[in-house]
Amino acid sequence: MRLYLVRHGEAGDSTTWQGDDALRPMTEEGFKEIKKVGKVLAAMGTGPEVIITSPLVRARQTADTLAKKLSVPVEEDERLAPGCDLGKLAGVLAKYGSARAVMVTGHNPDFAEMVGDLISVSQAPAQVAMKKGACVCVDISVPHRSHGTLAGHGVLEWLLTPGMARALSH
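First things first, this report covers the structure right here in the doc. Bear in mind that the values here come from a model prediction, so they are computed numbers and not experimental data.

## Some thoughts on the overall build of the protein chain
Link 1 in the chain: The number of helices and strands found in the protein chain is six helices and six strands.
Link 2 in the chain: The helix and strand sequence of the protein chain, counted from the amino end, reads β-α-β-α-β-α-β-α-β-α-β-α.
Link 3 in the chain: In terms of C-alpha radius of gyration, the protein chain reaches 15 Å, essentially the compact-globule figure of 15 Å for 170 residues.
Link 4 in the chain: C-alpha atoms of the protein chain, sized along the principal axes, occupy 45 × 35 × 30 Å.
Link 5 in the chain: Expressed as a percentage of its 170 residues, the buried residues of the protein chain come to 46%.
Link 6 in the chain: On the protein chain, roughly 8,000 Å² of surface is accessible, and the fraction owed to carbon and sulfur atoms is 53%.
Link 7 in the chain: With 19 positive and 19 negative side-chain charges, the protein chain shows a separation of 6 Å between the mean positions of the two kinds.

## Focus on helix H3 (residues 86-94)
Link 1 in the chain: Among all positions of H3, only Leu-86, Leu-89, Val-92 and Leu-93 are buried. The buried residues of H3 occupy an angular sector of 115 degrees when the element is viewed end-on, so they sit on one face. Those residues of H3 that are exposed and angled more than 90 degrees off the buried face are Gly-87 and Ala-94.
Link 2 in the chain: Buried residues along H3 sit against strand E1 (2-7), strand E2 (51-53), strand E4 (101-106), helix H4 (110-119) and strand E5 (135-140).
Link 3 in the chain: At the N-terminal boundary of H3, the capping side chain belongs to Asp-85, with an oxygen 3.1 Å from the backbone nitrogen of Gly-87.

## Focus: the packing of aromatic side chains
Link 1 in the chain: If you walk through the whole model with that rule in mind, you get one aromatic pair.
Link 2 in the chain: Considering the side-chain rings of Tyr-4 and Trp-158, the 5.8 Å spacing of their centres and the 40 degrees angle between planes classify their relative orientation as tilted. Pair noted here: Tyr-4 is in strand E1 and Trp-158 is in strand E6 (residues 154-160), with a separation of 154 residues, a long-range link.

## Let's talk about the environment of Gln-127
Link 1 in the chain: Along the polypeptide, Gln-127 turns up in the loop between H4 and E5.
Link 2 in the chain: Owing to a relative accessible area of 76%, Gln-127 belongs among the exposed residues under this scheme.
Link 3 in the chain: Each C-alpha atom of the pair Gln-127 and Asp-117 lies 8.8 Å from the other, and the pair is ten residues apart in sequence.

## Things to note about the packing of helix H1 (residues 28-44) against helix H2 (residues 57-70)
Link 1 in the chain: At a minimum axis separation of 9 Å, H1 and H2 run at an interaxial angle of 35 degrees. For the pair H1 and H2, the crossing hand works out as right-handed. Every residue of H2 that contacts H1 at Phe-31, Ile-34, Lys-35, Val-37, Gly-38, Lys-39, Leu-41 and Ala-42 is listed here: Gln-61, Thr-62, Thr-65, Leu-66, Lys-69 and Leu-70.
Link 2 in the chain: For the contact of H1 with H2, the per-class residue count stands at seven nonpolar, four polar and three charged.

## Looking at the sheet that holds E4
Link 1 in the chain: In space, the six strands of this open sheet follow the order E3-E2-E4-E1-E5-E6, with mixed pairing throughout. Where the open sheet ends on each side, the last strands, each with one partner, are strand E3 (74-76) and E6. Strand-to-strand, the axes of this sheet are offset by a mean angle of 25 degrees, without reference to chain direction.
Link 2 in the chain: Both E5 and E6 contribute to a ladder of six bridges, which runs antiparallel.

## With respect to the pattern of salt bridges
Link 1 in the chain: Counting across every chain of the model gives ten salt bridges.
Link 2 in the chain: With a closest N to O distance of 2.9 Å, Asp-21 and Arg-58 form a salt bridge. Taken together, the positions of Asp-21 in the loop between E1 and H1 and Arg-58 in helix H2 put the pair 37 residues apart, joining distant regions of the chain.
Link 3 in the chain: One salt bridge in this structure joins Arg-60 and Asp-64, with 3.0 Å as the shortest N-O distance.

About the criteria used
Residues numbered from 1 in each chain as written. Predicted model: local features only at pLDDT ≥ 70, side-chain atom pairs only at ≥ 80, totals over all residues. Heavy atoms only, no water. Helix = DSSP H or I, 4+ residues; strand = E, 2+ residues; numbered from the N terminus. Rg over C-alpha atoms; globule rule 2.2 N^0.38 Å. Buried < 20%, exposed > 50% of the residue type's maximum accessible area, 1.4 Å probe, protein only. Areas by Shrake-Rupley, 256 points an atom, 1.4 Å probe, with all protein chains shown as cover. Lys, Arg positive; Asp, Glu negative; His and termini not counted. Charge placed at Lys NZ, Arg CZ, Asp CG, Glu CD. Arc of directions from axis to C-beta. Contact = heavy atoms within 4.5 Å. Polar contact = N/O pair within 3.5 Å; in protein donor to acceptor, adjacent residues only side chain to side chain. Phe/Tyr/Trp six-rings, centres within 6.5 Å; stacked < 30°, edge-to-face > 60°. Axes fitted to C-alpha atoms, helices over the stretch in contact; angles between N-to-C directions. Left-handed = near helix turned anticlockwise from the far one by under 90°. Nonpolar A, V, L, I, M, F, W, Y, C, P; charged D, E, K, R; others polar. Pairing = 2+ DSSP bridges. Salt bridge = Lys/Arg side-chain N within 4 Å of Asp/Glu carboxyl O.

In structure tokens:
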């Protein structure tokens, strides 16, 4: 399975946000950034069958914006909320075991840590920088289904930063 992990777009400042953090939306700049990321992903032919998102507003907005560019459905899953780990991700992906490609949208530090764990076979996970709006493509091998873990069963295919998407979308 090809797994695309997308960190939500730029959101309002968490230190000045008044209210429930789960409701903090993306900024106008965040929407612009994600639209460019979506344009580049569509041009690359990424083709996920579904986008699964954290229920937090900024992640859902990211997923919905990408879904319009990629013409795919969006589903929410509570397990992708902050605090997600490889065990929860494996549970999310189990529902889509026959899918060729799946995209998930969520949060850091969870996504950067999960990518590091996916692509590392040592005790120390690989370090991966995921700026807001970044997309990482990891090819997950089949053995994780029999071992019950995704750790070490991924190959990093590429990382698309929002800056790269800006440059490529002109």
